[in-house]
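Residues per chain, in single letters:
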Amino acid sequence: MISQEPAHSPDGLRLIEELEGQLAALYALEHRHGLSVRQLVEEQVPFFVIRHGGEAAGCVGLQFSDGFAEIKRMYVRPAFRGRGLAKRMLEHLEAFARERGIGVIRLETGIHQREAIALYESAGFRPIPPFGRYEANDVSRCYEKRL
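Report follows, based on the coordinates. The structure presented is a predicted model; accordingly, all values stated were derived computationally and were not measured.

On to helix α4 (residues 114-122), then. Every buried residue of α4 is accounted for by A116, I117, L119 and Y120. Looking straight down α4, one finds its buried side chains confined to an arc of 160°; they lie on one side. Turned more than 90 degrees away from the buried face of α4, the exposed residues are R114, E115 and S122. On the buried face of α4, the contacting elements are β4 (68-76), α3 (85-99), β5 (104-110) and β7 (140-146). In the stretch just after α4, G124 is the one whose phi turns positive, near 100°.

Now the structure itself:
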């Protein structure tokens, strides 16, 4: 089950905190581009939690920009990986974007997230140059999917 809820809900806070802990172990602060919970709320970023067996298993946000939407804070807890939940969240985001007339979804991820990169590429995302506020560096990778 995927539900839209505030990023500052108890489950949202817990999931984002877990994600931050994992990213902090992989990347220096200047290479972590996730929006804070405050930014997600203030910028009214639609935020979703996926549950498995009633337990919060993952989350994702979709930030709208001029002509595209950007995936933010996508995370599946390690105990729930390998069950297709991330793929279901991507499909949900694509439908959500299409319903709002958005034809392009972009994202930024890091080179140490190999499973995420494999997921994005298998879902049809293609590498692109840095966009928006992102700059070229040795650890970031940007992707785009045309819907």
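Now that the structure is up, let's keep going.
Tallied over the full model, the rule gives five aromatic pairs. With a centroid separation of 6.2 Å and an interplanar angle of 40°, the aromatic rings of F64 and F96 are classed as tilted. Of this pair, F64 sits in strand β3 (residues 55-65) while F96 sits in helix α3, and the two are 32 residues apart along the sequence. Exposure remark for F64: the relative accessible area of 33% places this residue in the partly exposed category. Here F96 falls in the buried class, since its relative accessible area comes to 8%. An angle of 85° between the planes, with centres 5.7 Å apart, marks the rings of F68 and F131 as edge-to-face. In this pair, F68 is assigned in strand β4 and F131 in the loop between β6 (126-128) and β7, connecting sequence segments 63 residues apart.

Parameters at a glance
Residues numbered from 1 in each chain as written. Predicted model: local features only at pLDDT ≥ 70, side-chain atom pairs only at ≥ 80, totals over all residues. Heavy atoms only, no water. Buried < 20%, exposed > 50% of the residue type's maximum accessible area, 1.4 Å probe, protein only. Helix = DSSP H or I, 4+ residues; strand = E, 2+ residues; numbered from the N terminus. Arc of directions from axis to C-beta. Contact = heavy atoms within 4.5 Å. Phe/Tyr/Trp six-rings, centres within 6.5 Å; stacked < 30°, edge-to-face > 60°.

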